[in-house]
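Below are the chains, spelled out letter by letter.
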Number of protein chains: 2
Amino acid sequence: MAFDLFLLAGMVFDDNAAAADRGRVVSVSMFVAVLCLCVVVGHMLEENRWTNESITAIVIGCIVGTIILVASKGKNSHIVRFDQELFFMYLVPPIIFNAGFQVKKKQFFHNFLTILLFGVVGIFISFAIISAGSWKLFPKIGFTGLSIQEYLALGAIFSTTDTVCTLQVLHQDETPRLYSLVFGEGVVNDATSIVLFNAIQKLDVSKLEGWAVLHVFGDFLYLFSTSTILGIAIGLLTSYALRALYFGRHSTDREIALMVLMAYLSYMMAELSQLSGILTVFFCGIVMSHYAWHNVTENSRITTRHIFATMSFIAETFIFLYVGMDALDIEKWKAMKTRGAVSVALAFSQFAHSGVTWDPVYATMITSTIVVVLFSTLVFGILTKPLINVVLPHHVHRGSDQQPKADDITLSLIPPEDSAESGLLQARRSLSRLLARPVHTIHAYWRKFDDKYMRPVFGGAT
Amino acid sequence: MAFDLFLLAGMVFDDNAAAADRGRVVSVSMFVAVLCLCVVVGHMLEENRWTNESITAIVIGCIVGTIILVASKGKNSHIVRFDQELFFMYLVPPIIFNAGFQVKKKQFFHNFLTILLFGVVGIFISFAIISAGSWKLFPKIGFTGLSIQEYLALGAIFSTTDTVCTLQVLHQDETPRLYSLVFGEGVVNDATSIVLFNAIQKLDVSKLEGWAVLHVFGDFLYLFSTSTILGIAIGLLTSYALRALYFGRHSTDREIALMVLMAYLSYMMAELSQLSGILTVFFCGIVMSHYAWHNVTENSRITTRHIFATMSFIAETFIFLYVGMDALDIEKWKAMKTRGAVSVALAFSQFAHSGVTWDPVYATMITSTIVVVLFSTLVFGILTKPLINVVLPHHVHRGSDQQPKADDITLSLIPPEDSAESGLLQARRSLSRLLARPVHTIHAYWRKFDDKYMRPVFGGAT
């Protein structure tokens, strides 16, 4: 009501501004109410094997969108229009930080080489295939008007993996290795796609040289390492501050506030420095869960673990709800501004113009990006759970707080008790053991270094 | 960096929009960094008896403001400009909800009649004195040009108590009764001041009738009861949902998310219905801590208690930091838009025009409101702690998680071991006991009702 006084005051002098403010209160309230609905429905459908949280949210978003579309007589399907600022500044950081904070570190780093392989080499292959394919195919179906650079951009757009979707479809406890690989690849993807995209924009097609590819690789290495180092540095700084000042002595709120604020700061600083915010905040989360989390009081430990998970949960539901509503927005199909996935962000960046008038070719590109995102989230999302059950009938069921042992690593994709395994499987396992050997050695060295130099300064599990 | 792609895309087509977005990233990062600084400095000054968190934040805000003022060569003292939307939609709700969630309910309701007396009768007295006083005094110091209605508005503005400041200056564990009275009065104030302010705006000065006062009282009763009922209803609904659906079975995150979202929804719905959001969210907090909190898992209980406290802590620090920066903003002294206190909100609502050109009389009014708010926060804030120590040397020291017993009620303002008490004190105590008797009876009936009808449906402490 105090707020309404402002609105009243505003109304006297400026009708439009007040109406906009009032509209904002209405729309935020409705959005929060629908979010609550998603939480309740998601809970009730928990046991259903064909759905997951993101699909529930998308479907509810579609239903609410339809209602609004009918109520507003076809004018819009949105409760509220958000921009990319909201998405990239406020929704993505908690999701990725929480992923880093809760990720099974041993599992993740054991698969690190494979993840890099998928995330860097994989994306280049996929990029080449999609660019070349669309360049060959598009003119044949009568879709012309794109330049070489635009075909390359198209390849970059469709080779990015969406980390947010991965987190929803796969579960760390059910399929730990698959989760590590796919999610880890998604995180590395963020850096790769940015480098690739920037490289394309700078590309001079007329004088393409062989070592341009090397240059792109160099850029990737630079971006990857600086982003990682920034995340680790901020994580270590927070751990040190929490240990040295011992905040819990006076107030647990300060500990929690400091962890939340520093995590957010790491993302923002990376964005400021033109680095990959996703990589930075992910590594910041890993370092904080390894050191900082052990320097706070017991209550703060429980709270931070759940605070990050809940923030991430709300942000995810928010995004998918919005995607559902967006799907019905015909206006936005032509002039879209935000969509959950990194793909669409890139699509927008490449094809969007600031005005309302649209080149029909570009509009088609953006529309098809939305179709691909919706299709892959819904269809692949629905199919993933049953598919995993068919392919891996013995996979570990999602436990409540179950921590995997180091030996669990081989459990997921290749069940060890499968004695009648084929020759192919045997060969695959030998290969994976061979690959695992150097990783094990590195891990042993790291443990020694951690115990001797890191833990005494930054704290950690005792 | 993904965000930067948008910025790059934007830059190609629209230089101003991209620069504004970029500026937002810079300013939000800086603000978060300064917030971290406040947390650390606040922790280190914790043992200092002359400061508190809000004063620390204001001082840091002033220092940062000065630095920015010098760096920008006198252009502005702000990292970022926020509007009233941010303040009333995002910062106030967590602070007041947390106050309701953590308030000692027995203590609060035992003092309920006194609180209403202060909150309603007190504000009318204060309103009358300030309005009449300024109407008499202002022309004498050569400050003319205000209408009768504006003098009345001035009275309403300066009689509102700021609940946010109260929470910072007093502590529930140190002076439980004083805290209940002053903070409770602040919450009731919100409803009263809105009613009063609306009444003034509708007032037809030419035909003032005696029963206009009665009408205002009627309005207050309506607003107070509807706001309270809305808050209680949403709190009960949440408690019932949490109990009936047993969310903790699948995920603690959903429990926490539902509590946070429903709490926020209660505030927004009150604002939508033109009720007092502060009263609603306060009572929603009380009901949730009495019922809903007991229906969730142990981990969720710890988390919610700290999540609300931390959100409130960050919001408070944010506000005071901003107040500190604002104090240096010369531009804003003429064209201010946001300031922590409800007083300033009312001041703005009454005197602000939408344009940049300003009536010098109105500008003076807003400037003096800012001076009063800053002065009272800093000077009274600094003096409160030592003053309480002088007046009440035996007061209970702030315990960590100490819960007061029912007998603690008389402990704070009137120490029971004071055997050599004066006649006045004795008379006062008899009066307070007399007043307490009906309250005790009501409390006993409430307990019976609660045990028999409420707890079986909505859950609660067992």
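Here is what the cut-offs are and how they apply
- Residues numbered from 1 in each chain as written.
- Chains lettered and ligands numbered in written order.
- Predicted model: local features only at pLDDT ≥ 70, side-chain atom pairs only at ≥ 80, totals over all residues.
- Heavy atoms only, no water.
- Helix = DSSP H or I, 4+ residues; strand = E, 2+ residues; numbered from the N terminus.
- Buried < 20%, exposed > 50% of the residue type's maximum accessible area, 1.4 Å probe, protein only.
- Contact = heavy atoms within 4.5 Å.
- Areas by Shrake-Rupley, 256 points an atom, 1.4 Å probe, with all protein chains shown as cover.
- Axes fitted to C-alpha atoms, helices over the stretch in contact; angles between N-to-C directions.
- Parallel < 35°, antiparallel > 145°, perpendicular 65-115°, else oblique.
- Left-handed = near helix turned anticlockwise from the far one by under 90°.
- Nonpolar A, V, L, I, M, F, W, Y, C, P; charged D, E, K, R; others polar.
- Patch = residues over 30% accessible without salt bridge, like charges linked within 9 Å, V, L, I, M, F, W, Y side chains within 5 Å.
- Salt bridge = Lys/Arg side-chain N within 4 Å of Asp/Glu carboxyl O.
- Expected span 1.5 Å × (residues − 1).
- Disulfide = S-S within 2.5 Å.
- Phe/Tyr/Trp six-rings, centres within 6.5 Å; stacked < 30°, edge-to-face > 60°.
- pLDDT = per-residue confidence, 0-100.

Chemist: Please set out the overall build of chain A residue by residue, giving values where relevant.
Modeler: Assigned secondary structure in chain A consists of 17 helices and zero strands. Among the 462 residues that make up chain A, the fraction classed as buried is 56%. Considering only contacts in chain A between residues 6 or more positions apart, those separated by 24 or more positions represent 77%. On chain A, roughly 20500 Å² of surface is accessible, and the fraction owed to carbon and sulfur atoms is 67%.

Chemist: Lay out the packing of helix H11 (residues 252-272) of chain A against helix H12 (residues 277-290) of chain A in plain terms, naming residues and giving numbers.
Modeler: Residues and elements named next belong to chain A. Across the interface, H11 lies against H12 with an axial gap of 8 Å and an inter-helix angle of 150°. What the angle tells us is that H11 and H12 run roughly antiparallel. Between H11 and H12 lies a crossing whose hand is right-handed. Two secondary-structure elements touch here, H11 through Met259, Met262, Ala263, Ser266, Tyr267, Ala270 and Glu271 and H12 through Gly277, Ile278, Thr280, Val281, Cys284 and Met288. Per-class residue counts for the contact of H11 with H12 are nine nonpolar, three polar and one charged.

Chemist: Give a detailed account of a nonpolar patch on the surface, specifying residues and quantitative values.
Modeler: Residue and element names in this part refer to chain A. A surface patch of nonpolar side chains, about 380 Å² in accessible area, is lined by Leu117, Val121, Ile125 and Ile129. Take Val121: it is sitting in helix H6 (residues 112-137). Taking the relative accessible area as the measure of exposure, Val121 reaches 39% and is therefore partly exposed.

Chemist: Quick rundown of helix H7 (residues 148-159) of chain B? Include the residues and the values.
Modeler: Residues and elements named next belong to chain B. Counted at 1.5 Å a residue, the expected span for H7 with its 12 residues is 16 Å, and the 17 Å between its end C-alpha atoms agrees. Summarising burial for H7: nine of the 12 residues are buried, a large majority. Those residues of H7 that fall on the buried side of the exposure criterion are Glu150, Tyr151, Leu152, Ala153, Leu154, Gly155, Ala156, Ile157 and Ser159.

Chemist: Give me the lowdown on helix H11 (residues 252-272) of chain B, citing residues and values where you can.
Modeler: Residue and element names in this part refer to chain B. For H11, which comprises 21 residues, the first-to-last C-alpha distance of 30 Å matches the rise-based estimate of 30 Å (1.5 Å per residue) to within 8%. Burial analysis of H11 places 19 of its 21 residues in the buried class, the great majority of the element. Gln274, located one to two residues past H11, shows a positive phi value of around 60°.

Chemist: Summarise unusual backbone geometry; cite the residues concerned and give the values.
Modeler: Residues other than glycine seldom take positive phi values, yet Gln274 of chain A does so here, at roughly 60°. Note on placement: Gln274 of chain A falls in the loop between H11 and H12.

Chemist: I'd like a description of the pattern of salt bridges, backed by residues and values.
Modeler: Inspection of every chain in the model, using the stated rule, returns six salt bridges over all chains. A salt bridge links Asp451 of chain B to Arg455 of chain B; the nearest nitrogen and oxygen atoms lie 3.2 Å apart. With a gap of four residues between them, Asp451 of chain B and Arg455 of chain B both fall in helix H17 (residues 423-458), about one helical turn apart. Put simply, Asp450, Asp451 and Arg455 of chain A are held in one network by salt bridges that share partners.

Chemist: Hey, could you go over the state of the cysteines for me, with residue numbers and the actual values?
Modeler: Here is the idea: a disulfide is a covalent bond, and it sits between the sulfur atoms of two cysteines. All names here are of chain A. Scanning the entire structure with this criterion turns up zero disulfides over all chains. Left unpaired, Cys36 is separated from the closest cysteine sulfur, that of Cys38, by 9.3 Å. For Cys38, a relative accessible area of 3% corresponds to the buried category.

Chemist: Lay out the environment of Pro386 of chain A with the relevant residues and their values.
Modeler: Residues and elements named next belong to chain A. Summarising the element assignment, Pro386 is placed in helix H16 (residues 360-391). Residue classification places Pro386 among the buried residues on the basis of a relative accessible area of 7%. The spatial distance from the C-alpha of Pro386 to the C-alpha of Leu258 is 41 Å, given a sequence separation of 128 residues.

Chemist: Requested: an account of the packing of aromatic side chains, with residues and values cited.
Modeler: Residues and elements named next belong to chain B. Applying the stated rule across the entire model yields 27 aromatic pairs over all chains. On the basis of an interplanar angle of 75° and a centroid distance of 6.4 Å, the ring pair of Tyr240 and Phe458 is categorised as edge-to-face. Of the two residues, Tyr240 is situated in helix H10 (residues 212-245) and Phe458 in helix H17; the sequence distance between them amounts to 218 residues. Judged by relative accessible area, Tyr240 falls into the partly exposed class, the value being 42%. Linked through ring pairs, Phe108, Phe109, Phe112, Phe224, Phe282 and Phe283 together constitute an aromatic cluster.

Chemist: Tell me about the environment of Ser239 of chain A, and please be specific about residues and values.
Modeler: All names here are of chain A. Along the polypeptide, Ser239 turns up in helix H10 (residues 212-245). For Ser239, a relative accessible area of 0% translates into the label buried. In this structure the C-alpha to C-alpha distance between Ser239 and His294, which are 55 residues apart in sequence, comes to 8.6 Å. Other than its neighbours up to four places away in sequence, Ser239 contacts Val287, Tyr291, Ala292, Asn295 and Phe458.

Chemist: Residue-level account of the confidence of the model for chain A, with values.
Modeler: All names here are of chain A. On average, residues of chain A score 73 in pLDDT, and 65% of them reach the 70 mark or higher. The element-level mean pLDDT for chain A is lowest in helix H1 (residues 2-13), coming to 35, with H11 highest at 91. Segment residues 1-17: pLDDT under 50, and 42 contacts once partners within four positions in sequence are set aside and those in other chains are kept. Residue range residues 396-420 is modelled with pLDDT below 50. Its contacts to residues more than four positions away, or to other chains, number 33 contacts. This complex was scored by the predictor with a pTM of 0.76 and an ipTM of 0.74.

Chemist: Tell me about the environment of Phe318 of chain B, and please be specific about residues and values.
Modeler: As for its placement among the helices and strands, Phe318 of chain B is situated in helix H13 (residues 298-326). A relative accessible area of 13% means that Phe318 of chain B is categorised as buried.

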